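Below, each chain spelled out in residue letters.
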Amino acid sequence: MQKTVLTYGTFDLFHIGHLSLLQRLRALGDRLIVGVSTDEFNEIKGKKTVVPFSDRIEIVGALRCVDLAIPEENWEQKVGDIQRHNIAVFGMGSDWEGRFDELKLHCEVVYLPRTEGVSSTHIRKTLKVLDRSHVRELKQALDLISSIVERFD
Ligand code: C2G
């Protein structure tokens, strides 16, 4: 009997923390199914994303450790998904510790340690800073060029 593992997430700006979690979840069974939050559901979650749902689900679905990627459209679909896919283990990262314990009525529930030092939010903020410092460098270069040009006037 195949042991199927289930998890859900946004997986925006896919990074090593996401990959590490999915690989560890996959290692708990024979198959891994991942529910990827739709853009509409992220609105409900109050979560801002950079990468559109169509790309996020294609990236997750293409991973060697993922057997099936499905849309996550609401908070309530988990029990139905567990029954439909005959899920043995539901798992999430430790930032969700305790939040889905009611699912223990239907399958094993595990929370695995998050990967510290990386998050989509941090990546987004880093990109924003890079962009701003780039503008500052451009401005400094422009000021230098202007001062040189003035000498030739
Ligand atoms: N994660 C991790 N380490 C990180 C970042 C994320 O282990 N550095 C894990 C999270 O704990 C989560 C999964 O990766 O289990 C996906 O993270 P998000 O894309 O942020 O998912 P989230 O928005 O928390 O959505 O119904 C559940 C929700 O859809 C979960």
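Up top you'll find the structure we're talking about.
Computed from a predicted structure; not experimentally measured.

Draft legend 1. Quick look at the pattern of salt bridges. Evaluation of the coordinates by the stated rule reveals 7 salt bridges. Note that K78 and E72 form a salt bridge whose closest N and O atoms lie 3.4 Å from each other. The class of K78 is buried, set by a relative accessible area of 4%. Note that K104 is salt-bridged to D101, the shortest N-O span being 4.0 Å.

Draft legend 2. Spatial organisation of the packing of aromatic side chains. If you walk through the whole model with that rule in mind, you get 6 aromatic pairs. In textbook terms, an aromatic cluster arises when at least three aromatic residues are bridged by ring pairs, as seen for Y8, F41, W75, F90, W96 and F100. Directly above the ring of Y8 sits K78, whose terminal nitrogen or CZ lies 4.8 Å from the centroid.

Draft legend 3. Examining the site of the ligand more closely. As a structural note, the neighbourhood of the ligand is formed by 21 residues, with K47, E72, D95, T115 and V118 the closest of them. Within the side chain of K45, a nitrogen or oxygen atom sits 2.9 Å from an oxygen atom of the ligand. If you map the ligand onto the pockets, it falls in the largest pocket. Taken together, the elements giving at least two residues each to the shell around the ligand come down to β1 (4–9), α1 (16–26) and β4 (87–93). Sorting elements by how many residues they give to the shell around the ligand places α1 first, with 3 residues. Looking at the shell around the ligand, its residues break down into 7 nonpolar, 8 polar and 6 charged.

Draft legend 4. Fine view of the environment of I44. Take I44: it is sitting in helix α2 (residues 39–45). According to the relative accessible area criterion, I44 is exposed, its value standing at 59%. A C-alpha to C-alpha distance of 8.2 Å links I44 and N74, two positions 30 residues apart in sequence.

Draft legend 5. Main features of the nonpolar core. By size, the foremost hydrophobic cluster in this structure holds 17 residues, and its most contacted members are L22, L25, L32, V34, V36, V60 and V66. Not counting residues up to four positions away in its chain, the partners in contact with V36 are G9, T10, F11, F53, R56, I57, V60, I70, P71 and E72. In terms of nonpolar packing, the next biggest core, distinct from the first, is built from 14 residues, I82, M92, L103 and C107 among them.

Draft legend 6. The layout of surface pockets, seen in detail. A volume near 630 Å³ is recorded for the largest pocket. Around the largest pocket, the lining comprises 29 residues; the ones closest to its centre are H18, K47, D95, W96 and R114. When contributions to the lining of the largest pocket are tallied by element, the ones reaching two or more residues are β1, α1, β4 and α5 (120–152). In terms of residues, the lining of the largest pocket owes the most to one element, α1, which gives 4 residues. Of the residues that constitute the lining of the largest pocket, the class distribution is 9 nonpolar, 12 polar and 8 charged.

Calculation criteria
- The numbering scheme is per chain: residues are counted from 1 as the chain's sequence reads.
- Reporting in this predicted model follows two pLDDT cut-offs: at least 70 for local features of residues, and 80 or more for side-chain atom pairs to be given and counted; totals over whole chains, interfaces and linings ignore these cut-offs and use all residues.
- Based on all heavy atoms of the structure, the side-chain values leave hydrogens and waters out of the count.
- Throughout this description, the term salt bridge denotes a Lys or Arg side-chain nitrogen within 4 Å of a carboxyl oxygen of Asp or Glu.
- Exposed residues in this analysis have more than 50% of their type's maximum accessible area, buried residues have under 20%, and partly exposed residues fall in between, with area computed by a 1.4 Å probe over protein chains only.
- Two rings from Phe, Tyr or Trp (for Trp, the six-membered ring) form a pair when their centres are within 6.5 Å of each other. A pair whose planes differ by under 30 degrees is stacked, one over 60 is edge-to-face, and the rest are tilted.
- The criterion is that NZ of a Lys, or CZ of an Arg, lies within 6 Å of the ring centre and within 35 degrees of the ring normal, and then a charge sits over that ring.
- We call a residue near a molecule or strand as soon as one heavy atom of that residue lies within 4 Å of the molecule or strand.
- Polar contacts here mean pairs of N or O atoms no more than 3.5 Å apart (in protein, one a potential hydrogen donor and the other a potential acceptor; neighbouring residues in sequence count only if both atoms are side-chain atoms).
- Cavities and pockets were defined on a 1 Å grid built from protein atoms only: a cavity is a group of points that admits a 1.4 Å probe but offers it no way out, a pocket is an open group of points flanked by protein on both sides within 12 Å along at least five of seven lines, and a lining residue is one with an atom within 4 Å of any such point.
- A pocket or cavity is taken to hold a molecule when more than half of that molecule's atoms are within 2 Å of the pocket's grid points.
- For helices the rule is a DSSP run of H or I covering at least 4 residues; for strands it is a run of E covering at least 2, with both sets numbered from the N terminus onward.
- Three residue categories are used. Nonpolar comprises Ala, Val, Leu, Ile, Met, Phe, Trp, Tyr, Cys and Pro, charged comprises Asp, Glu, Lys and Arg, and polar comprises the others, including Gly.
- The set of buried Ala, Val, Leu, Ile, Met, Phe, Trp, Tyr and Cys residues whose side-chain atoms join them within 4.5 Å is what this entry labels a nonpolar core.
- Residue contacts are counted whenever heavy atoms from the two residues lie within 4.5 Å of one another.
- Grid points are joined across faces, edges and corners, and a volume is the space filled by probe spheres set on the points.

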